[in-house]
Amino acid sequence: MTYQPPRLSTGIPGLDTVLAGGLIEGASYIVQGHPGAGKTIFSNHIAFTCVASGRKVLYVTLLAETHERLFQALSTLDFFDRSQLGTNVSYVSVFQTLRDEGLSAVVNLIRLEIARQGATLLVFDGLLNARDRGDSNLDVKTFIAEVQSQAAFVGCTVLFLTSTRVVEDSPEHTMVDGVIELHNETVGVRAVRRLQVRKSRGSASLDGYHQFEITGTGVTVYPRLEAAFAYSSVPDLHDAQTVPSGTEGLDALLSGGLPESSVTLAFGPSGCGKTSLGLNFLSLASAEQPALHFGFYENAARLRSKARALGVDLETPLASGALEIVWNPMTENLLDKLGNRLIEAVRARGVKRLLIDGLGGFERAAVHPSRLVEFFAALTNELRASGVTTIATWELRDLFGPTVTVPGSEISSLLDNLVMLRHVELGSRYKRTITVLKVRDRAFEPVVHEMKFGAKGLAIAHPLEPATGAATGVASSVGDRAVT
Amino acid sequence: MPLVVIAEDEFLLADMLAMMLEDAGYEVATAAHGKAALALVRQRRPQLVITDFMMPLMTGLELAQTMRADDSLATIPIILVSGAQGSVGRSHPDIFDKVLDKPYSEATLIRTVNALVSGDET
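Read on for a plain summary of the structure. Nothing here was measured: the structure is a model prediction, and the numbers come from that model.

## A closer look at the pairing of strand β18 (residues 389–395) of chain A
Residue and element names in this part refer to chain A.
Link 1 in the chain: A large share of β18 lies buried, amounting to 6 of its 7 residues.
Link 2 in the chain: As judged from the 6 bridges shared by strand β14 (residues 263–268) and β18, these two strands associate in the parallel manner. Note that in β18 the partner of L265 across the bridge is A392.

Laid out in structure tokens, this is it:
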């Protein structure tokens, strides 16, 4: 059995996942990033988490803003507890000692103060200043090694903060157990914060970049979905059951219903009935089949109003708690925040019916669209393994036309079932049609059917009269001259 | 010239306090932590001590308590200047003669120091 070192929980949502369980007790880390990257809030969030769990924290500064100025800034954050200052968390400056007596004196002072305070977390803000005071790389290495060993001897975890980029062959990098780098970058017109664990001795942290944000609650990290869910978190026990779609007539086209734990893409242009199809699916929510609407276009009030107008009962499952509506306005989203939020919402209520309206919301949030295939692969694998039957909508750009563009270049391999909805012009009338194009591992009815809105929402009516070109949206009856 | 000892680990604040007091006609000696401040107080017997709360090796409260426990130092007036721990200082009126909450004006500081040094503030 492999040894699992004791961990110190950071208290930063998502970060313990990236760190494979948290910081290692007694280990030392460099937290680096340009000014404004978030190092101070990051380290203070961890510090006050420790304080809240009954630990003592020593926060040592060199040449930085005054402590009072720092407290003013931290006061805007939920984790900050002013009553703990001077008791369970102490902020001290050692710049004068560094300036007048050098690095060795600082090491000694820190040693004494850790022991005096009984601190189990030391935050040292100002590694750059310490580096400048040293006469050589050896001085810096010695300083870090001495602080490290003094702290480790008493089980104190150390965070060294620095605004310089510590590279792999720098003396600091070689001495510490871990290096966490914070970035605040401009991509296009928006700012995106990302975190990377560049070194993690004795710990299998999640490699690569992970998005994070700083809000009133402090720091929240969103582990990159395809890294955190490289494999589904639970075994995928595929069972060949079916789940009612909620749309009258559709189950017959699917040989009994939607395959359980499958992902169905319902795609089509605006106004063809995708959301209505999804609302029918959600209306069957129950205590045994909790449902979730994870959408980007309409807030809960508007969605409920739409359902009422269509005659679809969402009020009953909403009132009972069987249905939850999570709205993500399509403004500046973070892709991994969306993915993690969705998975957490599914887990929290054991969701079995999920409507994602629509996948385009994830695509718009992607700062790096090239990772979308991997992202959706991780997401759909996790949903399947969790026993969630999912309908995801995708809006085609053109109302009519022969070109159908679905999300991603390998979408068919990620999605189990494809259902196409179209407006079809036929005989000077516009008809809504639905066609099942693919059902993984099952037979289905590959016939274009008309849809109608009845007393209880969208329903499958009858097969479209014989026509050609229905898939393009501009059709002609069989035997008629083609309309161009 | 009356001597004031400043116990303050943040050197920018210590320098600022020193400048204000020197402009007001005081001699100033500074210490970067409570232990050094205690040594300075024992050595120089100042007319007043101004101390921060959070400092390495010995806090402002520990410094003041140690001074009050020493008959030779017990009568030296002590001002606590603090942002977060002002309430702690006010809950010990037997230890701190005055608590100044950050931020404070130079006029308030000098007025308070003058009163304590001259014995008008009890």
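Next comes the rest of the write-up.
## Digging into the interface of chain B and chain A
Link 1 in the chain: Each side of the interface is counted separately: chain B has 17 residues, and chain A has 18 residues.
Link 2 in the chain: A per-class count over the side of chain B that touches chain A returns 11 nonpolar, 3 polar and 3 charged.

## Re the nonpolar core
Residue and element names in this part refer to chain A.
Link 1 in the chain: Ranked by internal contacts, the top residues of the largest apolar core, which has 168 residues, are Y29, A47 and L122.
Link 2 in the chain: No other element matches the 7 residues that helix α2 (residues 39–52) contributes to this core.
Link 3 in the chain: For this core, the two domains that each supply at least three residues are domain 1 (7–223) and domain 2 (242–477).
Link 4 in the chain: When neighbours within four sequence positions are excluded, Y29 is seen to be in contact with L23, V158, L159, F160, V176, D177, G178, V179 and I180.
Link 5 in the chain: Grouped together as the second largest cluster of nonpolar side chains are 6 residues, V424, L426, V448 and A470 included.

## Considering helix α12 (residues 300–310) of chain A
All names here are of chain A.
Link 1 in the chain: Regarding α12, the residues found buried are L303, A307 and L310. Down the axis of α12, the buried side of the element spans an arc of 65 degrees, and every buried residue falls inside it. Facing away from the buried side of α12, by more than 90 degrees, are the exposed residues A301, R302, S305, R308 and A309.
Link 2 in the chain: Taken together, the buried residues of α12 touch α11 (274–282), β15 (291–295), β16 (323–327), β21 (449–454) and β22 (457–463).
Link 3 in the chain: Positive phi appears at G311, one or two residues downstream of α12, with a value of about 85 degrees.

Rules behind the numbers
Residues numbered from 1 in each chain as written. Chains lettered and ligands numbered in written order. Predicted model: local features only at pLDDT ≥ 70, side-chain atom pairs only at ≥ 80, totals over all residues. Buried ≥ 20, exposed ≤ 12 C-beta atoms within 10 Å, placed from the backbone. Helix = DSSP H or I, 4+ residues; strand = E, 2+ residues; numbered from the N terminus. Pairing = 2+ DSSP bridges. Contact = placed C-beta atoms within 7 Å. Nonpolar A, V, L, I, M, F, W, Y, C, P; charged D, E, K, R; others polar. Core = buried A, V, L, I, M, F, W, Y, C linked by C-beta atoms within 7 Å. Domains from an automatic or database assignment. Arc of directions from axis to C-beta.

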